[in-house]
Every structure is written in C-alpha cells, then in structure tokens.
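So you can see what is in the structure, the chains are spelled out below.
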Amino acid sequence: MDLRIFTEPQQGASYDTLLTVARATEDLGFDAFFRSDHYLKMGDVDGLPGPTDAWITLAGLARETERIRLGTLMTAATFRLPGVLAIQVAQVDQMSGGRVELGLGAGWFEEEHKAYGIPFPKEKFGRLEEQLAIVTGLWETKPGESFGYSGTYYELSDSPALPKPAQPRIPVLIGGHGATRTPNLAARYADEFNMPFASVEDSERQFGRVRAAAEAAGRGADELTYSNALVVCVGKDDQEVARRAAAIGREVGELKENGLAGTPAEVVEKIGRYAEVGSRRFYLQILDLSDLDHLELISAQVQSQLS
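Here the residue index of a chain counts from 1 through its sequence in written order. Residues qualify for local features only when their pLDDT is at least 70, as the model is predicted, and side-chain atom pairs are given and counted only at 80 or more; totals for whole chains, interfaces and linings, by contrast, use all residues. As a rule here, side-chain values come from all non-hydrogen atoms in the structure, and water together with hydrogens is ignored.

Would you take a moment to explain the pairing of strand β3 (residues 69-72) for this structure?
Each regular strand displays side chains that alternate between the two surfaces of the sheet. Burial of the side chains of β3 extends over both faces: R69 and G71 are buried on one face and L70 and T72 on the other. The pairing of strand β2 (residues 32-35) with β3 spans four bridges and is parallel. Each residue of the ladder has a partner; that of F33, found in β3, is L70. Convention used here: a crossover is right-handed provided that the path from the first strand, over the helix, to the second strand proceeds clockwise when the strands point away from the viewer. A run of DSSP states H or I qualifies as a helix once it reaches four residues; a run of E qualifies as a strand once it reaches two. Both are numbered from the N-terminal end. At this point the chain moves from β2, through helix α2 (residues 54-64), to the parallel β3, and the crossover so formed is right-handed. When accessible area is computed with a 1.4 Å probe and restricted to protein chains, residues below 20% of their type maximum are described as buried, those above 50% as exposed, and intermediate ones as partly exposed. The criterion for strand pairing is that DSSP finds at least two bridges linking the strands in question.

The following block contains the structure:
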C-alpha cells in the first residue's frame, strides 16, 4: 500500500516550503511527493506568496531529492502545448534519474485561465485525448525515427521526438468521475487510474467501469493501478484532530465523512475500506504545509500499519 503526499501550492506556498515538505516526505518513508497544477487560489485564503509552476517546482525537487517519485495530480492540458509538455516532463525525468510520473487532465478552473490569459476552450476533453496520444507517442518513438500527428486540435510533422525520458515508460495517471469517456481514455493510455475525493461506493463503481473498459480494450484490468486522492487530518487524539481541522478551516465531521480523518486507528480502518474495493495507492492531500508533525504522525502510526 503506497502512501503519497499531495500538496496544493496555489493555496499559498513558496518553493522553499515545498522543498521542506518534499524532504520530509522522503525522510519519513513516503512513496512520492505530488502537487496540483493550478495558478489561482481557491476559497477563503490569501494565496500568498502566489503560485508556483508545477514542472519548474518538480525540476528543482528532482535535483534536491533522491528516492521519492515526483508528479502532478493533475497537469491541465489547457496549460501547455503537448510537444512542449513532452519535452518538459522528459527533461525532469532525466534530472530525477527516472522518478517522474505525469498526471494529465482536461483542465476545469476557468477563473485561473482568465486571471493569467490562458485560453479556456469549450472542447477540452478532445484536446486531452490528443495530448495523451502526442505526449506518449513522442516518448515511444525510437531514437533516429520521427513522429507525426494530424488531429483536430494539434498537428506535428517530422518531429525528432527528443529528448527521451530516463524511464522506459513514464507512468501516466488519468482520473475523474466521468462514466464513459474517462474510463475509455484510461483504458487506452493510463498506467494508473485515480479517483479524486470520492466515497468508497463511488470509487468502487468507477474502478469497475475502468476495469471493464480496460478489458474491452484488450488490456488486463490489473495492468492499471487504482488509487484515491483524499484530504487527510490525523491526530493522536480527538483534541489534536480538532486542532488540525480548525487550522485548515474544516469541520471534523465533514472531514471524517469526505476524507481520511481521525485517530490513526480510524484512518487505517477507512483506508482498509477503500482497499477492499481495489485501491492500492493513496494521495494524502496535506493542506497545512507548516505542520510537519502531522507527516511524522502519519508515517509513524498510519503508514507503519500498512507496510
């Protein structure tokens, strides 16, 4: 059972803060450090000191960590042209010695596009599908050969398809709640399917759709890893849980219903319920990046029970 630390830097975090959390992630034995890919804060926070770019951040962390996997949950297809994205991710993979994973989604937060002058097209899913074909196609093209693509939204001709990643295949993550197009896309391109902020019941239903789509596409359903992203709020007792919930502006009851919250025993029990429906990896959304004691507690009293 993999536990990964997942951060939301658009809510307010400098690179130095993210580096501190990433080093703690590595030192405490977690599997990976992931971050969102957003440029605008959400909710009632000031967002200071302002946004950091996901792939610039991961490039820095690639040189300042040694073991942990690094990735996005999820990079927005609206933010980058697919050829540029393929180069960026391959380069960061080289810089990390082959520790990068790419979560890629359609993009959804229209306000951040308006705030930074990023086009927000009406047809986003079709662009995502073409981006996946192009990015993976560029990486898979053999050295010395060229890559071309002619689609509705993107066209590439005689691309040298360089640079190549350090890994033979960079794992691709696809996620979401869509009932038909999302499972089919995951079946074609994903190494991992992620269900974000969903109940056990909804996760079981969506995992089933993805498994069926994979088999219909001629893949074994177990070729994909199934994972969940959930907010986490753990305390050694009820008082500490309440304090951590207050620090992120959430109610304990709501966190217990919608995330992984409570004492270590409560959180381990709930992780077990997700595991029963097929989840094998958890992205723990950490909203208070200054609370490193929180990570230490999760490592010592949650992760240790799942090893």
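Next, the rest of the story.
I tried to follow unusual backbone geometry on my own but got confused; where do I start?
Working note: non-glycine residues mostly have negative phi, and peptide bonds are mostly trans. At the junction of L48 and P49, the peptide bond is cis and its omega measures out at 10° in the coordinates. Its place among the elements puts P49 in the loop between β2 and α2. The peptide bond linking L162 to P163 adopts the cis configuration, its omega dihedral lying at 5°. Within the secondary structure, P163 sits in the loop between β7 (155-159) and β8 (172-175). Within the chain, A161 stands out as a residue other than glycine whose phi angle is a positive 55°.

What is the right way to look at the environment of I56 in this model?
Mapped onto the fold, I56 is located in helix α2. On the basis of relative accessibility, which here comes to 62%, the residue I56 falls in the exposed class. For the pair formed by I56 and R244, sequence separation is 188 residues and the distance between their alpha carbons is 30 Å.

I tried to follow the nonpolar core on my own but got confused; where do I start?
The nonpolar side chains of soluble globular proteins are, as a tendency, buried together. Ranked by internal contacts, the top residues of the largest apolar core, which has 77 residues, are L3, W55, L102, W139, I298 and V302. At eight residues, helix α5 (residues 125-140) tops the list of elements feeding residues into this core. Excluding residues within four positions of it along the chain, V302 makes contact with L3, V234, P264, V267, V268, I271 and L297. Counting residues in hydrophobic clusters, the runner-up holds seven residues, among them F34, L173, A229 and Y283. Working definition of a nonpolar core: buried Ala, Val, Leu, Ile, Met, Phe, Trp, Tyr and Cys residues. They are joined through side-chain atoms within 4.5 Å. Contacts are assigned to residue pairs that have any heavy atoms within 4.5 Å of one another.

Is there a simple way to think about the side chain of T57 in this case?
Inspection of the secondary structure assignment puts T57 in helix α2. Owing to a relative accessible area of 3%, T57 belongs among the buried residues under this scheme. N or O atoms closer than or at 3.5 Å make up a polar contact, with two conditions inside protein: a donor-capable atom paired with an acceptor-capable one, and, for residues adjacent in sequence, both atoms drawn from side chains. Among the polar contacts made by the side chain of T57, one reaches the side chain of R35 at a distance of 3.0 Å. For T57, the residues in contact, after removing those within four places along its chain, are Y15, L18, R35 and T52.

I keep staring at helix α1 (residues 15-27) and nothing clicks. Help me out?
Each full turn of the α-helix corresponds to 3.6 residues, which orients residues three or four apart in the same direction. Look at α1: 18 Å from first C-alpha to last across 13 residues, which is about the 18 Å you get at 1.5 Å a residue. When α1 is considered as a whole, its buried residues turn out to be L18, L19, V21, A22, A24, T25 and E26. As for α1, its buried residues are in contact with β1 (2-7), β2, α2 and α11 (292-306). Where α1 terminates, the next one or two residues include G29, which has phi positive at roughly 85°. What a helix should span is 1.5 Å times the count of its residues minus one.

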